[in-house]
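Take a look at the letters that make up each chain.
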Amino acid sequence: MTQNDEIQAPKPLAVPGRIQDHVELFQEPEYQDLFEYKRQFEGAHDPDEVARIAEWTKSWDYREKNFAREALTVNPAKACQPLGSLFCASGFEGTLPYSHGSQGCVAYFRTHLTRNYKEPFQAVSSSMTEDAAVFGGLKNMIEGFANAYALYKPKMIALCTTCMAEVIGDDLQSFIQTSKNEGSIPQDFPVPYAHTPSFVGSHITGYDNMLKGILTCLTEGKKKDTTNGKYLFNLGFDPYIGNLRELKRILGLFGVDYTILSDNTETFDSPNTGEFKMYHGLTKLEDAADSINAEGSFFFQKYTTPKTQDYITKEWGQSTYNFRPFGIRGTDEFLMKLSAVTGKPIPEELEAERGRAMDAINDSQAWIHGKRIALYGDPDHVLNLTQFLLELGAEPVHIVVTNSNADFEAEAKALLESSPYGKDGQVWGGKDLWHLRSLMFTEPVDLLIGNSYGKYLWRDTHTPIVRIGYPIFDRHHMHRYATLGYQGAFNMHNWIVNTILDELDRNTIIPAKTDISFDLIR
């Protein structure tokens, strides 16, 4: 402990009854004294030494050491499996997401989703404690199902696991049947399940496992000799509720009969009517059960739903189509395929939207062209962004995907090689945001695109950030916008170009020095 006789314990607040926001409150002299006293008490390192080490972490020497680490992950750009499974389950009618594990786990997932969407998220758990960790969680599940069914009256319970249940090896199928035999829930009550251990995979793996589990459960014995004339659509782990609404609008213009698999539009963006509603999932269970008889399935996240697609193709004998309707080219390809499959022409309204999106891109092209970009996120997410950035003439340089795989990396590299703007791009699979920090210091970029966790990179490197992805905790209402289709292309383009212009204003704001370029018209 550092000794400093001049440092005394802080005095009580001078005006204890005054209420302030913490941003202002912690700048008060009383709190500043408290922080300094705490630093002295803890024996903190010398500030000059901290500054020296911090500067060294910006070097190539540190980058080599950083990239050599094997047993440590710092700020990975992913979440764990149960988050994705609960997200998926919430899109089905009357469905109660159920986490078989400790109370703390489900509380974390609920909080994570609530912080992003500013909406209450309903989910329950087995509340496993020490005894269940030793003897298994069967008793907890029997009691949990009985309570959940009686109190919350769901039409379906979607069951997933956490690390505790997976380490023990709880047999979900057996536990569900035992719970039914004990009378916790009716014998014919649907309880799809998914094994979602947090120590492997990521949130997109959990999403895939749950979607496959729900479809397997609901479609059993429902295959018919003829199709129902519908097409299935699934957006994967897409955090933008605006995309679901935009897709429905597009399909409505086409006049297509469809079912969206996991429609959580209202789950994460429900109207405030003054009345509480427990369930907001919009995919009806009867429609999900009849999905086995659909004409075909469109998926927008190839690397999020591989097991589900394989199941639909092999078990249902149904055609699956993978598209990325983001940006101009991706939307073009999707609409042309949808027109070819359904036999319906592309609506004039969408053609006009394409023209407006192209006009907007042309208006701002000079500000985006040649800008070096760092981005991170899920495999499908960064592919969508990379394709769009190349269309804008931007140069994706550092692409970090923690939950990567070989197929994704091959596709991403091929995409970069297809454009002269991708020649300097490199895909960093399995890396985290601390790796990206080294990349941004040693090979600087003009712009960073990612979720809220990127604000620490913005703070350290002073690189402006465009918040696109999940989660976005520190900005409001972003999830209500679309990134899909031509309207989504306009939104993303708008966020990108105006972030560049905001930064330009900040960099030309010093009177008599840089303000010669502080222009009113950009």
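This section reports on the structure supplied with the text.

**Quick word on the packing of helix 5 (residues 81–89) against helix 6 (residues 103–117)**
Then, in step 1: Two elements in contact, helix 5 and helix 6, have axes separated by 10 Å at closest approach and are oriented at 65 degrees. Along this stretch, helix 5 crosses helix 6, giving a crossing that reads as right-handed. Contacts between helix 5 and helix 6 pair Pro 82, Leu 83, Leu 86 and Phe 87 from the former with Phe 109, His 112, Leu 113 and Tyr 117 from the latter.

**A word on the sheet that holds strand 1 (residues 95–100)**
Then, in step 1: A sheet is described by the order of its strands in space; here 4 strands give the open sequence 2-1-3-4, paired in parallel fashion. The strands lining the two open edges of the sheet, one partner per strand, are strand 2 (124–125) and strand 4 (193–194).
Then, in step 2: As paired elements, strand 1 and strand 2 share 2 bridges and run parallel to each other. Across the sheet, Tyr 98 pairs through a bridge with Val 124, a residue of strand 2.
Then, in step 3: Relative to strand 3 (residues 156–161), helix 5 is tilted by about 170 degrees, and along the sheet it contacts strand 1 and strand 3.

**Here's the deal with the nonpolar core**
Then, in step 1: Formed by 97 residues in total, the largest nonpolar core has its most connected members in Phe 233, Phe 298, Phe 334, Ile 449 and Ile 496.
Then, in step 2: By residue number, the principal contributor to this core is helix 21 (residues 485–506), which donates 8 residues.
Then, in step 3: Grouped together as the second largest cluster of nonpolar side chains are 16 residues, Tyr 98, Phe 145, Phe 189 and Tyr 279 included.

**A closer look at empty space enclosed by the protein**
Then, in step 1: Per the counting criterion, the structure on display carries 3 cavities of 30 Å³ or more.
Then, in step 2: In this structure, the largest cavity occupies an estimated 90 Å³ of space.
Then, in step 3: Every residue along the wall of the largest cavity is listed here: Ser 90, Thr 95, Pro 97, Phe 121, Gln 122, Thr 267, Met 278, Tyr 279, His 280 and Gly 281.
Then, in step 4: Class assignment of the residues belonging to the lining of the largest cavity gives a composition of 4 nonpolar, 6 polar and no charged.
Then, in step 5: Estimates place the volume of the second largest cavity at around 60 Å³.
Then, in step 6: Here the lining of the second largest cavity is built from residues that sort into 4 nonpolar, 4 polar and 1 charged.

**Section: the packing of aromatic side chains**
Then, in step 1: Enumeration according to the criterion identifies 29 aromatic pairs in this entry.
Then, in step 2: Note on Tyr 453 and Phe 473: the rings are 6.3 Å apart at their centroids and 75 degrees apart in plane angle, and the pair reads as edge-to-face. In this pair, Tyr 453 sits in the loop between strand 12 (447–450) and helix 20 (455–461) while Phe 473 sits in the loop between strand 13 (465–467) and helix 21, placing the two residues 20 residues apart along the sequence.
Then, in step 3: For Tyr 453, a relative accessible area of 29% translates into the label partly exposed.
Then, in step 4: An aromatic cluster is defined as three or more aromatic residues linked by ring pairs; in this entry it consists of Tyr 231, Phe 233, Tyr 258, Phe 298, Phe 300, Tyr 321, Phe 323 and Phe 334.
Then, in step 5: Directly above the aromatic system of Phe 67 lies the positively charged group of Arg 63, at a separation of 5.6 Å from the ring centroid.

**What to know about the sheet that holds strand 11 (residues 426–429)**
Then, in step 1: Across the sheet, 5 strands lie side by side as 11-10-9-12-13; this open sheet has parallel pairing. Each end of this open sheet is capped by a strand with a single partner; those strands are strand 11 and strand 13. Pairwise comparison of adjacent strand axes, ignoring direction, gives a mean angle of 15 degrees for this sheet.
Then, in step 2: By the bridge criterion, 3 bridges tie strand 9 (residues 372–376) to strand 12 in an arrangement that is parallel.

**Details of the environment of Glu 443**
Then, in step 1: Relative to the helices and strands, Glu 443 is located in the loop between helix 19 (433–442) and strand 12.
Then, in step 2: What makes Glu 443 partly exposed here is its relative accessible area of 27%.
Then, in step 3: Sequence-wise, Glu 443 and Leu 415 are 28 residues apart; in three dimensions their C-alpha atoms are separated by 21 Å.
Then, in step 4: Setting aside residues no more than four positions away along its own chain, Glu 443 makes contact with Trp 60, Arg 63, Arg 372 and His 398.
Then, in step 5: A distance of 2.7 Å separates the side chain of Glu 443 from the side chain of Arg 63, its partner in a polar contact.

**What to know about the state of the cysteines**
Then, in step 1: Summed over all chains, the structure comprises 0 disulfides.
Then, in step 2: Distance from the sulfur of Cys 80, which forms no disulfide, to the nearest cysteine sulfur (Cys 163) is 6.8 Å.
Then, in step 3: Between Cys 160, a cysteine without a disulfide, and Cys 80, which holds the nearest cysteine sulfur, the sulfur-to-sulfur distance is 9.6 Å.
Then, in step 4: On the accessibility criterion, Cys 160 (0% relative accessible area) is buried.

**Things to note about the pattern of salt bridges**
Then, in step 1: Applying the stated criterion across every chain, the model contains 31 salt bridges.
Then, in step 2: Lys 230 serves as the salt-bridge partner of Asp 287, at 3.4 Å between the closest nitrogen and oxygen. Within this pair, whereas Asp 287 is found in helix 13 (residues 285–289), its partner Lys 230 is found in the loop between helix 11 (203–218) and strand 5 (231–234), the two being separated by 57 residues in sequence.
Then, in step 3: What makes Lys 230 buried here is its relative accessible area of 16%.

**Observations regarding unusual backbone geometry**
Then, in step 1: Tyr 470 connects to Pro 471 through a cis peptide bond whose omega is 0 degrees.
Then, in step 2: Note on placement: Pro 471 falls in the loop between strand 13 and helix 21.
Then, in step 3: If you check the backbone angles, Ser 127 has positive phi at about 50 degrees while not being a glycine.
Then, in step 4: Checked against the element boundaries, Ser 127 lands in the loop between strand 2 and helix 7 (130–135).
Then, in step 5: For Ser 127, a relative accessible area of 32% puts it in the partly exposed group.
Then, in step 6: One non-glycine residue, Lys 153, lies in the positive phi region at around 50 degrees.
Then, in step 7: Here Lys 153 lies in the loop between helix 8 (138–152) and strand 3.

**Some remarks on the side chain of Glu 246**
Then, in step 1: Relative to the helices and strands, Glu 246 resides in helix 12 (residues 241–254).
Then, in step 2: For Glu 246, a relative accessible area of 7% gives the class buried.
Then, in step 3: Within polar-contact distance, the side chain of Glu 246 engages the side chain of Arg 249 at 2.7 Å.
Then, in step 4: Setting aside its immediate chain neighbours within four residues, Glu 246 contacts Glu 353, Ala 482, Leu 484 and Gln 487.

**Focus on the side chain of Ser 179**
Then, in step 1: Counting through the fold element by element, Ser 179 comes out in helix 10 (residues 172–181).
Then, in step 2: Here Ser 179 falls in the buried class, since its relative accessible area comes to 0%.
Then, in step 3: From its side chain, Ser 179 meets the backbone oxygen of Phe 175 in a polar contact 2.9 Å long.

Cut-offs applied
The numbers attached to residues start from 1 for each chain and follow its sequence in the written order. For this predicted model, a pLDDT threshold of at least 70 governs which residues receive local features, and a threshold of 80 or more governs which side-chain atom pairs are given and counted, while totals over whole chains, interfaces and linings are taken from all residues. In computing side-chain properties, one takes all heavy atoms of the structure into account and sets aside hydrogens as well as water. A fitted line through C-alpha atoms serves as each axis, taken over the contacting stretch for helices, and the angle formed by two N-to-C directions is quoted from 0 to 180°. Under the scheme used here, helices are H or I runs from DSSP no shorter than 4 residues and strands are E runs no shorter than 2 residues, and both carry numbers assigned from the N terminus. For a crossing to be left-handed, the near helix must be turned anticlockwise from the far one by less than a right angle; the clockwise case is right-handed. Between two residues, a contact is recorded if the distance between any of their heavy atoms is within 4.5 Å. Strands are treated as partners if at least two bridges between them are detected by DSSP. Only buried residues count toward a nonpolar core, which is a set of Ala, Val, Leu, Ile, Met, Phe, Trp, Tyr and Cys residues joined through side-chain atoms within 4.5 Å. Relative accessibility under 20% of the residue-type maximum defines a buried residue, over 50% an exposed one, and the middle range a partly exposed one, all with a 1.4 Å probe and only protein chains included. In this analysis a 1.4 Å probe is tested at points of a 1 Å grid over the protein atoms alone, and where it fits but cannot get out there is a cavity; an open set with protein on both sides within 12 Å along at least five of seven lines is a pocket; lining residues have an atom within 4 Å of a point. Grid points are joined across faces, edges and corners, and a volume is the space filled by probe spheres set on the points. By the convention adopted, Pro, Cys, Tyr, Trp, Phe, Met, Ile, Leu, Val and Ala count as nonpolar, Lys, Arg, Asp and Glu as charged, and the other residues, Gly among them, as polar. Any two of the Phe, Tyr and Trp rings considered here, Trp counted by its six-membered ring, make a pair once their centres fall within 6.5 Å; the pair's planes then place it as stacked at under 30 degrees, edge-to-face at over 60, or tilted in between. Remark: a charge is flagged as sitting over a ring if the NZ atom of Lys or the CZ atom of Arg is within 6 Å of the ring centre and within 35 degrees of the ring normal. For the purposes of these results, a polar contact is taken to be a pair of N or O atoms within 3.5 Å, where, inside protein, one atom must be able to donate a hydrogen and its partner to accept one; residues adjacent in sequence count only when each atom of the pair is a side-chain atom. The disulfide criterion is simple: two cysteine sulfur atoms within 2.5 Å. Definition used for salt bridges: Asp or Glu carboxyl oxygen within 4 Å of a side-chain nitrogen of Lys or Arg.

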